[in-house]
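# Per-entry structural report
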Amino acid sequence: MPEKINVAVVGASGMVGGELLNLLEKRRFPVRGFIPFNSGRKPEAVTFRGKKHLCRKPSFAALKKADLIFFVSTDDVSERFAKKLAAAGVWCIDDSSRFRLDRTVPLVIPEVNASEIKPGHRLIAGPNCTLTGAAVALCGIHKRFRIEELRVSTYQAVSGAGKSAMRQLEAELEHYLKRGRVPELKKRKFPHPIAFNLFPQVGGFDRNGVSIEENKVRAELRKLWSSPKLKISSTAVRVPVLRGHSLSVWAKTRRPWTLAALRAVLAKTPGLEFFSDPYKYPTPLAAVKTSGVKAGRLRASGTSPREFQLWIVSDNLYKGAALNSVEIAEYLVKNELL
Ligand SMILES: NC(=O)c1ccc[n+]([C@@H]2O[C@H](COP(=O)([O-])OP(=O)(O)OC[C@H]3O[C@@H](n4cnc5c(N)ncnc54)[C@H](OP(=O)(O)O)[C@@H]3O)[C@@H](O)[C@H]2O)c1
């Protein structure tokens, strides 16, 4: 592949940014020029292809020099730059939540809905890292048997909340190992200590008591599957796992199935590794830095006809963010859009 693309990464010094750089390198994405950006609050360099690059504060003029920009920083930064740059002809892949539900912006997981990518849409959003696992794993079953209702409990890793959240867990663990108790840190990302703990809160709550994360799961999955009437309820839980989101799912279909038929569909679902042996279920630790989504423990729910249960795991920093964005970029190159 010719090295023809000038790439900018906004948020290169973050958790997703770091993985994005590794993946661009590892997957030999055809990068010609590379420019990293961060908040500019403190000088920070990132290494790309063995060379150190100092991160800069983003400006429209500096970003416009790129052919392709990965936005992996904050909603505000994406809001400030992404639409304007896309209108100026730059391809923008945005991992923030700012444009995911914007009707003019495709929300894309390539193996689920790559057909949404069109030359006229230079801004493409990647979905929330939690629902990615369900969107990929259940896509084949949804197409064949039509999922009408979905109930999900999520077990979300701390890295889903960025590097300051990772630091909170590390600091709490260090304190515990030295002093034998989990501290109530003054400066912390989460509402509670997370070491040896968990809590049913990811983001704030709306007036109905639904968390921001739970609302994202519902709205984004409906958009990704083009299924606005899909019924979804979820409980999002933060757990003391460094990396890898797990989902416990109950899904009810319109059409009847047999477990053998579900197994056959899961085995062929693009982007999914399915474990049919109940003892070989995936875990977040085993999913770290692996591509795609993993699922196991398929069974009939036993409480309602046409309802089955599944356990799903994916690396939130890989398929949940950086890898999905790189795969979108690879799709653009492969289809000569970029
Ligand atoms: N973590 C996940 O699992 C995950 C999954 C899906 C999507 N996302 C989304 O991906 C984005 C990045 O998440 P993350 O977990 O990587 O966060 P993070 O670890 O906190 O990193 C944030 C990055 O954004 C940069 N940044 C902050 N303010 C900025 C500004 N005003 N201008 C330019 N850069 C700025 C930071 O730079 P400094 O180093 O200078 O602070 C850092 O490089 C977020 O939009 C998040 O919602 C994250």
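In this text the structure is predicted, and so the values were computed from the model without any measurement.

Another point: the overall build of the protein. Of regular secondary structure, the protein possesses eleven helices and 13 strands. Against the compact-globule benchmark of 20 Å for 338 residues, the protein has a radius of gyration of 20 Å, which places it among compact chains. Expressed as lengths along the three principal axes of its C-alpha atoms, the size of the protein is roughly 60 × 55 × 40 Å. Looking at the protein as a whole, 52% of its 338 residues are labelled buried. Across the protein, every contact between residues at least 6 apart in sequence was considered, and the portion connecting residues at least 24 apart equals 68%. Surface exposure of the protein reaches about 16000 Å², of which carbon and sulfur atoms provide 52%. Side-chain charges in the protein split into 57 positive and 30 negative, and the spacing between the mean points of these groups amounts to 1 Å.

The next point concerns the pattern of salt bridges. Within this structure, the stated rule accounts for 15 salt bridges. Two residues, Lys83 and Asp102, come together in a salt bridge whose shortest N-O distance is 2.7 Å. Of this pair, Lys83 sits in helix α3 (residues 75–87) while Asp102 is found in the loop between β6 (91–94) and α4 (110–113), placing the two residues 19 residues apart along the sequence. The partly exposed category is assigned to Lys83, whose relative accessible area is 38%.

Notably, Arg297 is not glycine yet its phi reads approximately 55 degrees, a positive angle. Looking at the element boundaries, Arg297 is found in strand β12 (residues 293–300). A positive phi angle, close to 65 degrees, is found at Arg306, a residue other than glycine. As for its placement among the helices and strands, Arg306 is situated in the loop between β12 and β13 (307–314).

It is the contact of helix α1 (residues 15–26) with helix α11 (residues 318–334), at a shortest axis distance of 9 Å, that shows an interaxial angle of 45 degrees. Our classification of the angle between α1 and α11 gives oblique. Between α1 and α11 lies a crossing of right-handed hand. Contacts between α1 and α11 involve Val16, Glu19, Leu20, Leu23, Leu24 and Lys26 from the former and Tyr318, Ala321, Ala322, Leu323, Ser325 and Val326 from the latter. Among the residues making up the contact of α1 with α11, the classes are represented as nine nonpolar, one polar and two charged.

This part covers α1. Every α-helix carries 3.6 residues per turn, so stepping three or four residues along brings you back to the same face. For α1, built from twelve residues, the straight-helix expectation of 16 Å at 1.5 Å per residue is met to within 8% by its first-to-last C-alpha distance of 17 Å. Turning to α1, its buried residues number three or more, namely Val16, Gly17, Glu19, Leu20, Leu21, Leu23 and Leu24. Contact partners of the buried residues in α1: β1 (5–10), β2 (31–37), β3 (45–48), β5 (68–71) and α11.

For the rest of this paragraph, the subject is the sheet that holds strand β7 (residues 123–125). Within the open sheet, the five strands sit side by side as β2-β1-β5-β6-β7. Their pairing is parallel. Looking at the sheet topology across the chains shown, the edges are occupied by β2 and β7. The average angle at which neighbouring strand axes cross in this sheet is 15 degrees, direction not considered. Pairing geometry for β1 and β5, over four bridges, is parallel. Among the inter-strand pairings, Val10 is bridged to a residue of β5, identified as Phe71. In this fold α1 packs onto β1, β2 and β5, with an angle of close to 160 degrees to the strand it touches most, β1. Strands in contact with α3 are β1, β5, β6 and β7; relative to β5, the strand with the most contacts, it is inclined by about 160 degrees.

Bringing the domain arrangement of the protein into the picture now. A common measure of how large an interface is: the accessible area buried when the components associate. Split by domain assignment, the protein resolves into domain 1 (5–127 + 321–334) and domain 2 (132–316). With 22 residues of domain 1 at the contact, the number on the domain 2 side is 23 residues. Of the roughly 1700 Å² buried at the junction of domain 1 and domain 2 (both faces included), carbon and sulfur atoms supply 59%. The three residues of domain 1 that bury the most area against domain 2 are Met15, Glu111 and Val112, which together make up 33% of that side's buried surface. The interface formed by domain 1 and domain 2 holds three salt bridges in total. Of the charged contacts, one joins Glu220 and Arg100 as a salt bridge, the two residues approaching to 3.2 Å between their closest N and O atoms.

Here we take up the pairing of β3. Of the two faces of β3, the one lined by Val46 and Phe48 is fully buried and the one lined by Ala45 and Thr47 carries no buried residue. Pairing analysis gives four bridges linking β3 to strand β4 (residues 51–54), with the strands arranged antiparallel. Residue pairing across strands places Thr47 opposite Lys52, the latter belonging to β4. Here β3 folds back onto β4 in antiparallel fashion, the turn holding two residues, of which Arg49 has a positive phi close to 50 degrees.

All right, on to the nonpolar core then. Membership of the largest hydrophobic core comes to 57 residues, with the highest contact counts inside it found for Ile69, Leu138 and Trp225. Residues from two domains meet in this core; each of domain 1 (5–127 + 321–334) and domain 2 (132–316) gives at least three. When sequence neighbours within four positions are dropped, the list of residues in contact with Leu138 reads Ile147, Leu150, Trp225, Val249, Phe308, Leu310 and Ile312. Counting residues in each nonpolar core, the second largest holds 34 residues, with Leu24, Leu317, Ala321 and Ala322 among its members.

Rules used throughout
Residues numbered from 1 in each chain as written. Predicted model: local features only at pLDDT ≥ 70, side-chain atom pairs only at ≥ 80, totals over all residues. Heavy atoms only, no water. Helix = DSSP H or I, 4+ residues; strand = E, 2+ residues; numbered from the N terminus. Rg over C-alpha atoms; globule rule 2.2 N^0.38 Å. Buried < 20%, exposed > 50% of the residue type's maximum accessible area, 1.4 Å probe, protein only. Contact = heavy atoms within 4.5 Å. Areas by Shrake-Rupley, 256 points an atom, 1.4 Å probe, with all protein chains shown as cover. Lys, Arg positive; Asp, Glu negative; His and termini not counted. Charge placed at Lys NZ, Arg CZ, Asp CG, Glu CD. Salt bridge = Lys/Arg side-chain N within 4 Å of Asp/Glu carboxyl O. Axes fitted to C-alpha atoms, helices over the stretch in contact; angles between N-to-C directions. Parallel < 35°, antiparallel > 145°, perpendicular 65-115°, else oblique. Left-handed = near helix turned anticlockwise from the far one by under 90°. Nonpolar A, V, L, I, M, F, W, Y, C, P; charged D, E, K, R; others polar. Expected span 1.5 Å × (residues − 1). Pairing = 2+ DSSP bridges. Domains from an automatic or database assignment. Buried area = accessible area lost by both parts, 1.4 Å probe. Core = buried A, V, L, I, M, F, W, Y, C linked by side-chain atoms within 4.5 Å.

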